[in-house]
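Fold and geometry: a report
If you want the building blocks of each chain, they are given just below.
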Protein chains: 2
Amino acid sequence: MESPLEPSMKRTEIHTLGEFGLIDRLMEPFKAVHPSTRQGPGDDAAVMDYGGEMTLVSTDMLIEGIHFDLAYHPLKHLGYKAAVVNLSDIYAMNARPGQLLVNIGLSNRFSVEAVEEIYTGIRAACRRYGVDLAGGDTSSSPRGLFLSLTAVGHAASEKIVYRGGAALGDFLCVTGDLGAAYLGLQLLEREKRLFLENPSLQPDLGESTYLIERQLKPEARADIIELFAQQDILPTAMMDISDGLASEIFHLCRQSGLGAFVEEVGIPMRPETAFQAVGFGLDPVTCALSGGEDYELLFTLNPRDVDKIKYLPDIYIIGEMVPAADGIHLHTKGGHRHALTAQGWTHFSQ
Amino acid sequence: MESPLEPSMKRTEIHTLGEFGLIDRLMEPFKAVHPSTRQGPGDDAAVMDYGGEMTLVSTDMLIEGIHFDLAYHPLKHLGYKAAVVNLSDIYAMNARPGQLLVNIGLSNRFSVEAVEEIYTGIRAACRRYGVDLAGGDTSSSPRGLFLSLTAVGHAASEKIVYRGGAALGDFLCVTGDLGAAYLGLQLLEREKRLFLENPSLQPDLGESTYLIERQLKPEARADIIELFAQQDILPTAMMDISDGLASEIFHLCRQSGLGAFVEEVGIPMRPETAFQAVGFGLDPVTCALSGGEDYELLFTLNPRDVDKIKYLPDIYIIGEMVPAADGIHLHTKGGHRHALTAQGWTHFSQ
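Given the structure is predicted, the values throughout are model-derived calculations rather than measurements.

Next up on the list: the overall build of chain A. On a plain count of helices and strands, chain A comes out with 10 helices and 13 strands. Computed over C-alpha atoms, the radius of gyration of chain A comes to 21 Å, within 12% of the 20 Å expected from 2.2 N^0.38 for 350 residues, which places it in the range of a compact globule. Dimensions along the principal axes, computed over C-alpha positions, put chain A at roughly 55 × 55 × 50 Å. Residues counted as buried form 52% of the 350 residues belonging to chain A. Excluding contacts between residues fewer than 6 apart, the proportion of contacts in chain A whose partners are at least 24 apart in sequence is 84%.

Printed below as a string of structure tokens:
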């Protein structure tokens, strides 16, 4: 029997394409044929028209050793985070989630009580966001823990906001504050290293509760979607910030066929985030641009709606949509203009 | 930092509960609150009411080393099977699938070409069943390959068939033939052992094409759902046969609050399946009852509808629903009556 991995086959390493290059290549040969499919791959969620409100479905994985480390991620928080990460994708379409399905693969190092901890976290998220656990699959895994969740939501067709809807001159906005989850992760990684070197050391997470919580127990911006509905605000494009602001701006620009500029001074960041970044010898803005896992919303707004958001809490205008030919740039405090890259603009590659 | 696995915690091993015991225990504290949830955990798919036709969502995993072995499972067939297994759950609700979302975790031993093979199989299934690939997530995995797929479907509310709808006196029916996928797996496992002992040996799968194909490239019974629609047949309860006939009969009985008897002589099996079972020293009926992975449909029918199915191809009456107090029994060819267990009734435990 020849191995199905077929060593004789041409071999291209996945890292040469990157995650998004791989997805583009895999999706390219697929053509949508089902009349109900309104949005296929390439947005925060798929959108289906089954006759009433639109159905939205999004699915995401958390894999041990890739997305989390059980040395510092409590199982209850992990369940909570897995749920929130998926719900965030539904909110990012300006829709409301109703159900969650949970697939979980477990090696035999996990006891029933450990699994119950995960589900306690999932249940807390279900309560907090008013969604139901509606199904899923449980299986053993030869090694490690992984979670694959599916969120189902709904919205009136005309209220759904896609990534590709931004227009020239639209304002670019974000919610909340950025970079904290990334610095929380750096702190946890540092404590883990110190603990491994000297197991009698007590963790010194001091004043960093906020940063740690943003990493271990993020929230989805359901409140912003409610605010949009109350204030009759309809963004022109939207997505959630899971991979970092810079990378998400690239997605939004590409799908809208536009460029953008971002004012460094407009990027919202908490003082403790900036302070901790400096403590690690990192540039705070780079952490906000490339850190990821903030689960805030990035959206664009028609300028005529700007008065509606001006006095709303937790929403910040950070830039503007420009022609694609003008590219994607960051205007720094010092008056400089840098081409932004999906990896942030400088420090991570130094 | 204390480990989140909390060794001080009471430890119950998962195998002491079994998969279904674990699921029951994990799901018990969840209460449905969202007004759109029509069916939560416990059926082949979740059912949501968003105003038009019902939306159905089902999700399932295939994990390397648990559900498949790449020593004999070609990647293309694996992609096809992963899709079919999920679509089968939608058909099992008497609904039609429209979309598929694919999460895939890959270690670095997989090349881009290998991943494309998997997606070629998924695409073949999408074409065959007329569904769209509508999204998903791609991630690296520290070890091994796993697939977590989500199928989305639709049906008019009154056409959906649940597991719990069987009534006393209903006929118990199955489609197709049973046991072949299990014997296909035994053949592949045997060839793998022989190959590992002597890599120069050529596989001798001889006359067993059908059995091998049932294991490596199963099909979902879309045709039966179409037949039901054409002939105006509405089963009272239905599910697909993924874990084995006996286990599925237990689910259907439990959820319908009934017992059942099964006529051994009624269980459909191909001659090559029975022949191969005997070749392995296995009881053919036990293979059909407990083999699993057939992806046929198990359903119950009101006796007044029996004339509608009498002359339909590939549908077999195998028994009848009886009061719960009468239990679940197999009537053998020899006139004996055995209490059926979810594991089959005898030989596997010998």
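Turning our eyes to something else, we now look at the relation of the copies chain A and chain B. The two copies are related by a screw motion: chain A maps onto chain B through a turn of 180° and a shift of 0.0 Å along the axis, at an RMSD of 0.0 Å. Considering both components of the superposition, the chain copies are consistent with a two-fold axis. Residues of chain A ranked by C-alpha distance from the rotation axis are headed by A:Gly52, positioned 1.9 Å from it. A share of 100% of the interface residues of chain A reappears at the interface of chain B, consistent with the copies meeting face to face through the same patch.

A word on the sheet that holds strand 12 (residues 328-331) of chain A. Residue and element names in this part refer to chain A. Taken together, the seven strands give an open sheet; going across it, the order is 8-10-7-11-9-12-13, and neighbouring strands pair in mixed fashion. Across the chains shown, the open sheet's two edge strands, defined by having one partner strand only, are strand 8 (237-241) and strand 13 (337-339). The mean inter-strand angle of the sheet, taken between neighbouring strand axes irrespective of direction, is 25°. Where helix 7 (residues 245-256) meets the sheet, it contacts strand 7 (171-175), strand 8, strand 9 (258-263), strand 10 (296-301) and strand 12, and its direction lies at approximately 155° from that of strand 8.

Contacts between chain A and chain B engage 85 residues on the former and 85 residues on the latter. Classifying every residue of the side of chain A that touches chain B by side-chain character gives 42 nonpolar, 29 polar and 14 charged.

Residues and elements named next belong to chain A. Here the domain parsing of chain A yields domain 1 (37-159) and domain 2 (163-349). Here the C-alpha centre of domain 2 lies 22 Å away from the C-alpha centre of domain 1. On the domain 2 side, the residues contacting the 20 residues of domain 1 number 21 residues. With nine residues, the single largest contributor to the side of domain 1 that touches domain 2 is helix 2 (residues 75-91). Across the side of domain 1 that touches domain 2, the residue classes break down as nine nonpolar, five polar and six charged.

Take the packing of helix 2 of chain A against helix 3 (residues 112-129) of chain A next. All names here are of chain A. Remark: helix 2 packs on helix 3, axes separated minimally by 6 Å, with the N-to-C direction vectors making an angle of 40°. The angle between the axes of helix 2 and helix 3 places the two elements in the oblique class. For the pair helix 2 and helix 3, the crossing hand works out as right-handed. Between helix 2, through Leu75, Lys76, His77, Leu78, Gly79, Tyr80, Ala82, Ala83, Val84 and Leu87, and helix 3, the contact on the second element is made entirely by Ala114, Glu117, Ile118, Tyr119, Thr120, Gly121, Ile122, Ala124, Ala125, Cys126 and Tyr129. Classifying every residue of the contact of helix 2 with helix 3 gives 15 nonpolar, four polar and two charged.

It is the contact of helix 1 (residues 18-27) of chain A with helix 3 (residues 112-129) of chain B, at a shortest axis distance of 10 Å, that shows an interaxial angle of 40°. By the angle class used here, helix 1 of chain A and helix 3 of chain B are oblique. The two elements helix 1 of chain A and helix 3 of chain B meet at a crossing, and its hand is right-handed. Contacts between helix 1 of chain A and helix 3 of chain B involve A:Leu22, A:Arg25 and A:Leu26 on the former and, on the latter, B:Val112, B:Val115, B:Glu116 and B:Tyr119. Looking at the contact of helix 1 of chain A with helix 3 of chain B residue by residue, the classes come out as five nonpolar, no polar and two charged.

Averaged over all residues, the pLDDT of chain A equals 91, while 94% of them reach at least 70. Here the predicted complex scores 0.93 on pTM and 0.91 on ipTM.

What follows concerns the environment of A:Val112. Topologically, A:Val112 is positioned in helix 3. For A:Val112, a count of 20 C-beta atoms within 10 Å translates into the label buried. Aside from chain neighbours lying at most four places away, what touches A:Val112 is B:Thr12, B:Ile14, B:Leu17, B:Leu22 and B:Arg25.

All names here are of chain B. Most of strand 4 (residues 96-106) sits inside the fold, with 11 of its 11 residues counted as buried. Here strand 4 pairs with strand 6 (residues 146-155) via nine bridges, running antiparallel. Along strand 6, the bridge assignment pairs leucine 101 with threonine 150. Where strand 4 and strand 5 (residues 132-140) come together, eight bridges link them in parallel fashion. Bridge pairing in strand 5 links leucine 101 to glycine 135. As a crossover connection, the stretch from strand 4 through helix 3 into strand 5 is right-handed.

All names here are of chain A. Here six strands make up an open sheet; going across it, the order is 1-2-3-6-4-5 and the pairing mixed. Of all strands in the sheet, those with a lone pairing partner are strand 1 (37-39) and strand 5 (132-140), marking the two edges. Strand-to-strand, the axes of this sheet are offset by a mean angle of 20°, without reference to chain direction. Against the sheet, helix 3 contacts strand 4 (96-106) and strand 5, and its axis sits at roughly 175° relative to strand 4.

Take the pairing of strand 11 (residues 315-323) of chain B next. Residue and element names in this part refer to chain B. Relative to strand 11, strand 7 (residues 171-175) is paired through five bridges, and the arrangement is antiparallel. Note on strand 11: the bridge partner recorded for cysteine 173 is isoleucine 317. Direction of pairing for strand 9 (residues 258-263) relative to strand 11: antiparallel, over a ladder of five bridges. When the sheet's bridge partners are listed, glycine 259 is paired in strand 11 with valine 322.

Each value, and the rule that gives it
- In this numbering scheme, every chain counts its residues from 1 along its sequence in written order.
- The lettering of chains begins at A and the numbering of ligands begins at 1, in the order of writing.
- Local features in this predicted model are restricted to residues whose pLDDT is 70 or higher, and side-chain atom pairs enter the listing and the counts only when it is 80 or higher, whereas totals over whole chains, interfaces and linings include all residues.
- Helix and strand assignments come from DSSP, with helices taken as H or I runs of at least 4 residues and strands as E runs of at least 2, each series counted from the N terminus.
- With C-alpha atoms as the basis for the radius of gyration, the globule rule is written as 2.2 Å multiplied by the number of residues raised to the power 0.38.
- For the exposure call, what matters is how many other C-beta atoms sit within 10 Å of a residue's own: 20 or more marks it buried, 12 or fewer exposed, and in between partly exposed, using C-beta atoms placed from the backbone.
- Whether two residues are in contact is decided by their C-beta atoms, placed from the backbone, lying within 7 Å.
- Only residues with pLDDT of at least 70 in both copies contribute their C-alpha atoms to the least-squares superposition of the copies.
- One bridge is not enough; two strands pair if DSSP finds at least two bridges between them.
- In this analysis an axis means a line fitted to C-alpha atoms, helices contributing only their contacting stretch, and an angle means the value between N-to-C directions, from 0 to 180 degrees.
- In the scheme used here, Gly and all other residues not listed as nonpolar or charged are polar, with Ala, Val, Leu, Ile, Met, Phe, Trp, Tyr, Cys and Pro taken as nonpolar and Asp, Glu, Lys and Arg as charged.
- Either an automatic procedure or a domain database provided the assignment from which the domain bounds are taken.
- Geometric relationships in this document are graded by angle, where less than 35 degrees denotes roughly parallel, more than 145 denotes roughly antiparallel, 65 to 115 denotes roughly perpendicular, and other angles denote oblique.
- Left-handed is the label given to a crossing in which the near helix is rotated counterclockwise from the far helix by less than a right angle, and right-handed is the label when the rotation is clockwise.
- Per-residue confidence from the predictor is reported as pLDDT, a score between 0 and 100.
- Here a crossover is taken to be right-handed if, once the strands point away from the viewer, the path from the first strand over the helix to the second is traced clockwise.

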